[in-house]
Amino acid sequence: MAVVFEKTKMLTDAPLHYCPGCTHGIAHRLVAEVLEEIGAEGHVVGVAPVGCAVFAYNYFNCDMQEAAHGRAPAVATGIKRVTPQNIVFAYQGDGDLASIGMAEIVHAAARGEKITVIFINNTIYGMTGGQMAPTTLIGEKATTCIYGRDAEKNGNPIKMCELLATLTGPSYIERVALYDAAHVRMAKKAIKKAFTHQVENRGFSFIEILSSCPTNWGMTPEQALAFVKTDMQNFYPLGVFKEVTE
Amino acid sequence: MKELMKGNEAIAEAAIRGGCRAFFGYPITPQNEIPEYMSWRLFEVGGTFVQAESEVASINMLYGACGAGARAMTSSSSPGISLMQEGISYICCAQVPCVIVNMVRGGPGLGGIQPAQGDYFQATKGGGHGDYHMIVYGPSSVQECVNIMYEAFDVADKYRVPVMILGDGMLGQIMEPVELPPMKDLSNLPKKEWATDGTGKGKDRRIINSLLINPDDLEAHNNYMLTVYEEIAKNETRYEEYMTEDAEIVLTAYGTVARIAKSAVNIMRANGMKVGLIRPITVYPFPNKAYKDLAEKASVKEFVCVELSVGQMIEDVKLATEGKKPVKFFGRNGGNVMSPEDIVAYVTKEA
Amino acid sequence: MENKIIIAGFGGQGVQSLGMFIAYASIHDGKEVTFLPSYGPEMRGGTSNCSVVVSDKPVASPIIAVPDMLIAMNKPSLAKFENKVRKGGTIIVNSSLIDTKVQREDVKAVYINANDLAVEAGNVRTANIVVLGAYTKMSGDFTPEVMKAVIEKKFAKKPKVIPANIKAFEMGYNLE
């Protein structure tokens, strides 16, 4: 029988633990496919975060290190500095990257570390049960802001792409979303571009992926994707925020 | 001819000669000469240096680099080492060999910048969360710093545990004649099969991890590490005894304090007093047997534990001597340092 | 032999480098030595001191409570350390900047107008080297040849300043 489709060899056969309707699985596959396409097998190290993607080291079929909460960019820096021949990536969620790990991501970007960071923004702490994240939208409900996020009480959400784009170190920054097939294809293109920047030794590359969390948002998967498309995309516009071409 | 070197710089050079090829650190007094030296010296030997954004980042960079198989180190002083505790706990659980230097200053809190030994508990009992230990050396001279640092990466690699060099501000700043060993040949080091060096494919890929979510797995891991610590205690415990053969009073101290105590022994011996000294070189593993043997000697009447803290190592001394002889305490702290004459005065009056 | 020396003055007087010259000479001469500087904010413009122990055996304590010799480069240093010097010890006083006398009678006090002699040698910044010369003569720890070789080696990158430093050293060494 003719083989018409195969799972990328850069993902293991371990069953994903993610909830139904969560887009982490899609994001994993896109990253893994890109790793295969750029021929990274045999010279790639990934860094897993703390949060929903904590078990990413079971899924990406390459050498992996599990980092402490928020420290993945520091760990990736250490790996890349001593093995510059490797493709090194960190995969982080919004609590991990934009809250506890803000210093590490900003400084890895500012130093222009030749690493790629995949940032999953689903506006919520998923693993711990739906607390407010640094990216939670104004008015969005979470278990630590049950009436909806109020700027006075809870502060304001952070736009990471825009923030990092002010720095000199990054060479590629783009925000993508995973709410329909066309956008999934666009996301893969962006991820490939980010890794290509690393292959070409240009600088720090960063892809923010707007993702869904039906479980903690209290929505069906369809409703969740619609929330990404409307509310999230309104506040977090898609696009390329920085691209160093020379 | 020997070279005159400052403790901090000698440690840095010995690290490089012992194979260190990466350094991650953040400025803090009194250890700044280490990162300053590394920042230019490492690039001469094809290594790398990162001035990190914090000690939190430093220790995690170290985790990454050593997890990828490199010989790498960080250094800091007390408040910075506190910030590293989370990372050290992860490193210990993930069995990542590395070297950490702590040039201790007065504490708690921001404390002071003068020499102290108040980080003894933190260094020898764990410091971060969970059950773990590091191998902790308390060198007392610049030459001993060099000798220990030179072998530190081999020791760390052998057991896959971090090695900490527990100095103090004095040891970092003092200049003494040293003999530096030659550059180690790194081409013949045993391959680290566990390291995430990027070459892992499919089933043979490596994972550096400290998450063992199944209680049975975590318990098995912790129990396995106990056997590692036992092996370390068996092979790596080091100490020095000085004039203990006929001693009635045994002083005990580690690090630079031990040499101040040694001068005190010399003064008291000249006065006809039978005083000796036992000095742990590894403060973890603690040389329990040597202390017990001394405590069981009929000639030994008591111990005096001398520290630049309010009484930390004395707990290990008491445990090791099993109540067989009294253990008295003489200490200064906050950054003040006792002189040999201060120790003599204490022993003459109290012991 | 063992000679325990405390050198004190204010920042910028070359207190630390005076101590370091003694330490380098020890290495040069195959002696054991510890050089312990004071460190921290104190260094910057405030008082500065260091402890040097020269010995023919490995040095145990680098901490000096009772020095054999005190080199006081300014007035507060003399006040601070005068009473610590061992009975029969030596105090070298920089009389260019210290207008008081050593109060104790059980120590040997030596007065050297180091700053004036340094100016005479051609560079006021060599006051510490004048004192180094006097120390070398008085302690007998080193021959003047050893010390001059160390001076030349340490200033190898700034050969222009060597003659003034050698002259300052000799002026200090040849004082009565």
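Residues numbered from 1 in each chain as written. Chains lettered and ligands numbered in written order. Predicted model: local features only at pLDDT ≥ 70, side-chain atom pairs only at ≥ 80, totals over all residues. Heavy atoms only, no water.

### Observations regarding the overall build of chain B
When you go through chain B residue by residue, the secondary structure sums to 13 helices and 15 strands. Relative to its length of 351 residues, chain B is compact, with a C-alpha radius of gyration of 20 Å against a globular reference of 20 Å. For chain B, with 351 residues in total, the buried portion stands at 63%. A fraction of 78% describes how many contacts in chain B between residues 6 or more apart in sequence connect residues 24 or more apart. Element-wise, carbon and sulfur atoms account for 51% of the exposed surface of chain B, whose accessible area totals about 12,600 Å². (Helix = DSSP H or I, 4+ residues; strand = E, 2+ residues; numbered from the N terminus. Rg over C-alpha atoms; globule rule 2.2 N^0.38 Å. Buried < 20%, exposed > 50% of the residue type's maximum accessible area, 1.4 Å probe, protein only. Contact = heavy atoms within 4.5 Å. Areas by Shrake-Rupley, 256 points an atom, 1.4 Å probe, with all protein chains shown as cover.)

### A look at the pairing of strand S8 (residues 175–178) of chain B
All names here are of chain B. Of the two faces of S8, the one carrying Met175 and Pro177 and the one carrying Glu176 and Val178 are both buried. Both strand S1 (residues 3–6) and S8 contribute to a ladder of 4 bridges, which runs antiparallel. Bridge pairing in S8 links Lys6 to Met175. (Pairing = 2+ DSSP bridges.)

### A short note on the sheet that holds strand S8 (residues 204–210) of chain A
In spatial order, the strands read S9(A)-S7(A)-S8(A)-S4(A)-S3(A)-S1(A)-S2(A)-S9(B); together these 8 strands make up an open sheet with mixed pairing. Strands at the two margins of the open sheet, each flanked by one partner only, are strand S9 (239–243) of chain A together with strand S9 (207–208) of chain B. Here 4 bridges tie strand S1 (residues 44–48) of chain A to strand S2 (residues 63–66) of chain A, and the two strands are oriented parallel to one another. In the strand pairing of S2 of chain A, Ala48 of chain A is matched with Glu66 of chain A. Contacts from helix H1 (residues 24–37) of chain A reach S1, strand S3 (87–93), strand S4 (116–121) and S8 of chain A within the one sheet, and its direction differs from that of S3 of chain A by about 175 degrees. (Axes fitted to C-alpha atoms, helices over the stretch in contact; angles between N-to-C directions.)

### So, the packing of helix H7 (residues 142–159) of chain B against helix H9 (residues 215–236) of chain B
Residues and elements named next belong to chain B. Look at H7 against H9: their axes get within 11 Å of each other, and the N-to-C directions meet at 145 degrees. Seen from above, H7 lies across H9 with right-handed handedness. Contacts from Val155, Lys158 and Tyr159 in H7 reach Val228, Glu231, Ile232, Asn235 and Glu236 in H9. Counted by class, the contact of H7 with H9 contains 4 nonpolar, 1 polar and 3 charged residues. (Left-handed = near helix turned anticlockwise from the far one by under 90°. Nonpolar A, V, L, I, M, F, W, Y, C, P; charged D, E, K, R; others polar.)

### Thoughts on the domain arrangement of chain B
All names here are of chain B. Assigned domains of chain B: these are domain 1 (3–236) and domain 2 (239–350). The C-alpha-based centres of domain 1 and domain 2 are spaced at 28 Å. In this complex, domain 1 contributes 30 residues to the contact, which on the side of domain 2 involves 24 residues. The junction of domain 1 with domain 2 conceals about 2,400 Å² of combined surface from both sides, 55% of it contributed by carbon and sulfur atoms. Between domain 1 and domain 2 we count 3 salt bridges in total. The residue Asp316 makes a salt bridge to Lys125 at a minimum N-O spacing of 2.6 Å. Taken together, the connections running from domain 1 to domain 2 amount to 16 residue pairs in polar contact (both at pLDDT 80 or more). At the level of secondary structure, the elements contributing two or more residues to the side of domain 1 that touches domain 2 comprise helix H6 (120–124), strand S6 (135–137), H7, strand S7 (163–168), helix H8 (169–173) and H9. Top contributing element to the side of domain 1 that touches domain 2 by residue count: H9, with 4 residues. Grouping the amino acids of the side of domain 1 that touches domain 2 by side-chain chemistry returns 16 nonpolar, 8 polar and 6 charged. (Domains from an automatic or database assignment. Buried area = accessible area lost by both parts, 1.4 Å probe. Salt bridge = Lys/Arg side-chain N within 4 Å of Asp/Glu carboxyl O. Polar contact = N/O pair within 3.5 Å; in protein donor to acceptor, adjacent residues only side chain to side chain.)

### A word on the interface of chain C and chain B
Taken together, the contacts link 23 residues of chain C with 25 residues of chain B. Carbon and sulfur atoms supply 71% of the area that chain C and chain B bury against each other, a total of about 1,900 Å² over both sides. In terms of surface lost to chain B, no three residues of chain C exceed Ile27, Tyr39 and Ile63 of chain C, which account for 36% of the buried area on that side. Taken together, the links from chain C to chain B amount to 1 salt bridge. Note that Glu32 of chain C is salt-bridged to Lys2 of chain B, the shortest N-O span being 3.7 Å. The interface formed by chain C and chain B holds 5 residue pairs in polar contact (both at pLDDT 80 or more) in total. Among the elements that make up the side of chain C that touches chain B, the one with the highest residue count is strand S2 (residues 32–37) of chain C (6 residues). By residue class, the composition of the side of chain C that touches chain B is 16 nonpolar, 4 polar and 3 charged.

### Remarks on the side chain of Ser211 of chain A
Residue and element names in this part refer to chain A. One can find Ser211 in the loop between S8 and helix H9 (214–217). For Ser211, the side chain forms a polar contact with the main-chain oxygen of Ile209, separated by 3.2 Å. Among all residues touching Ser211, those that are not within four sequence positions of it are Thr23, Ile120, Asn121, Asn122, Leu178, Trp217, Val228 and Met232.

### Section: the interface of chain B and chain A
By a frequent convention, interface size equals the accessible area lost on bringing the separate parts together. Counting residues at the interface gives 34 residues for chain B, matched by 36 residues for chain A. Together, the buried faces of chain B and chain A total about 2,600 Å²; carbon and sulfur atoms form 56% of this surface. It is Glu53, Gly198 and Arg205 of chain B that lose the most area in chain B upon contact with chain A, and together they represent 21% of the buried surface on that side. For the interface between chain B and chain A, the tally reads 3 salt bridges. For the pair chain B and chain A, the number of links is 21 residue pairs in polar contact (both at pLDDT 80 or more). Elements with a minimum of two residues in the side of chain B that touches chain A: strand S2 (22–25), strand S3 (48–51), helix H3 (55–67), helix H5 (85–93) and S9 of chain B. With 8 residues, the top contributor of residues to the side of chain B that touches chain A is H3 of chain B. A breakdown of the residues in the side of chain B that touches chain A according to their chemical character gives 17 nonpolar, 11 polar and 6 charged. As defined by bridge partners, S2 of chain A adjoins S9 of chain B across 2 bridges and the pair is classed as parallel.

### Looking at unusual backbone geometry
The linkage connecting Gly107 of chain B with the following residue, Pro108 of chain B, adopts the cis geometry, with an omega of 5 degrees. The topology assignment puts Pro108 of chain B in the loop between strand S5 (99–104) and H6. Geometrically, the link from Tyr284 of chain B to Pro285 of chain B is a cis peptide bond, its omega value of -5 degrees lying close to zero. Tracing the backbone through its elements, the reader meets Pro285 of chain B in the loop between strand S13 (282–284) and helix H11 (288–296). Residues other than glycine seldom take positive phi values, yet Asn201 of chain A does so here, at roughly 60 degrees.

### Examining the pairing of strand S7 (residues 170–177) of chain A
Residues and elements named next belong to chain A. Within S7, 8 of the 8 residues are buried, leaving the element largely enclosed by the surrounding structure. Bridge count for S7 against S8 is 7 bridges, and the pairing is parallel. The residue of S8 that forms the bridge with Arg175 is Glu208. Between S7 and its parallel partner S8, the chain crosses via helix H8 (residues 181–199), and the hand of that crossover is right-handed. As judged from the 4 bridges shared by S7 and S9, these two strands associate in the antiparallel manner. By the bridge assignment for S9, Arg175 is matched with Gly239. (Right-handed = clockwise from strand over helix to strand, strands pointing away.)

### Here we look at the arrangement of the chains
The protein chains that touch form 2 pairs of chains, and the pair with the most contacts between them is chains A and B. Between chain A and chain C there is no contact, and the shortest C-alpha to C-alpha distance separating them is 28 Å.

### Re the sheet that holds S6 of chain B
Within a beta sheet, neighbouring strands are joined by backbone hydrogen bonds and run either parallel or antiparallel to one another. Residues and elements named next belong to chain B. Taken together, 7 strands build an open sheet; the order of strands is S3-S2-S4-S5-S7-S6-S13 and the sheet is mixed. Each edge of the sheet is formed by a strand with only one pairing partner; in this case those strands are S3 and S13. Across the sheet, the mean angle separating the axes of adjacent strands is 20 degrees when strand polarity is ignored. By the bridge criterion, 4 bridges tie S2 to S3 in an arrangement that is parallel. Within S3, the position partnered with Ala22 by the bridge is Thr48.

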